[in-house]
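Fold and contact review
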Amino acid sequence: MEQKSQNILRDNDSDNWNAVCENISNTNLVQLGTYYSHAVNQDIKHLAFTLSRYKFVSKLLMYREKVNLLELGCQEALGALMFKQNIMLNQYVGIDLDKRAVEWNNMNLSEEFKFVCSNFFDCAETGHENFDAIVSLDVIEHISPEMEEKYCEIVKSSLTMDGVAIVGTPNIMLSPYASQESKMAHINLYDQKRLYSLMKKYFHNVFIFNMNDEVVNTGFAPMSCYIFAVCCNKK
């Protein structure tokens, strides 16, 4: 009798799993673009780190209603999917000068999103106080020091008075351990104090958070891998 019950349980489990698989098989498949394919093939844990940064931003914004969100430097915008699934988005606009990334976004992501292939310093989408939230992750370290204040001006001028800007960047203290590609591209790295001082010129309130791998913290600053500046009440 016990053996028969176990066989029935296995049959039921099999039927349930087959139903789950059938439901999953109806999902549209998304082929990763160049950037994330490289991450998967070379260092897949970096994909987890990147998505964790977007998760942190999503959690900060998840209770705000009808969010108009601008992402400066969206690249291949998997982060837009994180926002769509966790934030009450009214509008998402992503700007990036990488033509291949923007083409991938338009081919693979929702038509609800708007992607603009442009240098955001000269983009018509910016500078109009239209956005409740501005997100810019892994961007500011690619901008030369002489242009960083113009970058901050764009962030400030594109944000509503009660909006929030979230800027994320690697910690300069970890640069000796960065990949060769990162060392070539990261021309303007920050520590917590320098990022705070820059953003404080444009916002009354700036809050600094650290991240080590996937974990956000307020621990010992020099040992953090990544830095967030959460900025509000623009000047």
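Each remark here, short or long, concerns the structure printed above.
Residues numbered from 1 in each chain as written. Predicted model: local features only at pLDDT ≥ 70, side-chain atom pairs only at ≥ 80, totals over all residues. Heavy atoms only, no water.

1. Thoughts on the overall build of the protein chain
Convention followed: The numbering of helices and of strands both runs from the N terminus, where a helix is a DSSP run of H or I of at least 4 residues and a strand a run of E of at least 2. Each residue gets one of three labels from its accessible area relative to the maximum for its type: buried under 20%, exposed over 50%, partly exposed in between, using a 1.4 Å probe on protein chains only. Contacts are residue-level and defined by heavy atoms, with any inter-residue pair within 4.5 Å sufficient. Per-residue and other accessible areas were derived by the Shrake-Rupley procedure at a 1.4 Å probe size, with only the shown protein chains allowed to occlude residues.
When you go through the protein chain residue by residue, the secondary structure sums to eight helices and eight strands. Each of the 235 residues in the protein chain was classed as buried or not, and the buried ones make up 41%. Long-range pairs, those at least 24 residues apart, make up 67% of the contacts in the protein chain with a sequence separation of at least 6. Accessible surface, the protein chain: about 13,200 Å² in total, of which carbon and sulfur atoms supply 54%.

2. Description of the environment of Gly 79
Along the polypeptide, Gly 79 turns up in helix α4 (residues 78-86). Overall, Gly 79 belongs to the buried group, its relative accessible area being 1%. Sequence separation between Gly 79 and Thr 50 is 29 residues; the distance between their C-alpha atoms is 8.6 Å.

3. Digging into the sheet that holds strand β2 (residues 89-96)
The strands that make up a sheet are held in pairs by hydrogen bonds between backbone atoms, and each pair lies either parallel or antiparallel. Where we set the bar: A strand pair is defined by DSSP finding two or more bridges across the two strands. Axis lines are fitted through C-alpha atoms, for helices just across the contact stretch, and the angle between N-to-C directions can take any value from 0 to 180 degrees.
Ordered by their spatial adjacency, eight strands build an open sheet running β3-β2-β1-β4-β5-β8-β6-β7, and the pairing between neighbours is mixed. Strand pairing shows two members of the sheet lacking a second neighbour, β3 (113-117) and β7 (215-217), which therefore form its edges. The average undirected angle you get between the axes of adjacent strands in this sheet is 20 degrees. Examined bridge by bridge, strand β1 (residues 67-72) and strand β4 (residues 131-137) share three bridges and lie parallel to one another. Among the inter-strand pairings, Leu 69 is bridged to a residue of β4, identified as Ala 133. Seen against the sheet, helix α5 (residues 99-108) touches β2 and β3 and runs at an angle of roughly 160 degrees to β3. In the packing of helix α6 (residues 148-157) onto the sheet, contacts are made with β1, β4, β5 (159-170), β6 (203-212) and β8 (226-234), and the angle to β5 comes to roughly 140 degrees.

4. Observations regarding the pattern of salt bridges
To keep it simple, the criterion reads: Any carboxyl oxygen of Asp or Glu within 4 Å of a side-chain nitrogen of Lys or Arg constitutes a salt bridge here.
Across all of its chains, the model carries nine salt bridges by this definition. Put simply, Arg 64 and Asp 162 hold a salt bridge, and the shortest N to O gap is 3.4 Å. Of this pair, Arg 64 sits in the loop between α3 (45-61) and β1 while Asp 162 sits in strand β5, placing them 98 residues apart in sequence. With a shortest N-O distance of 3.2 Å, Glu 112 and Lys 84 are connected by a salt bridge. In this pair, Glu 112 is assigned in the loop between α5 and β3 and Lys 84 in helix α4, connecting sequence segments 28 residues apart. Given a relative accessible area of 37%, Lys 84 falls into the partly exposed group. In the salt-bridge network here, residues are joined through shared partners; they are Arg 64, Asp 132 and Asp 162.

5. A look at unusual backbone geometry
With phi around 50 degrees, Gln 75 is a residue other than glycine that occupies positive phi space. With respect to the secondary-structure elements, Gln 75 resides in the loop between β1 and α4. Even without glycine at this site, Asp 213 takes up a positive phi of about 55 degrees. Since its relative accessible area comes to 40%, Asp 213 is described here as partly exposed.

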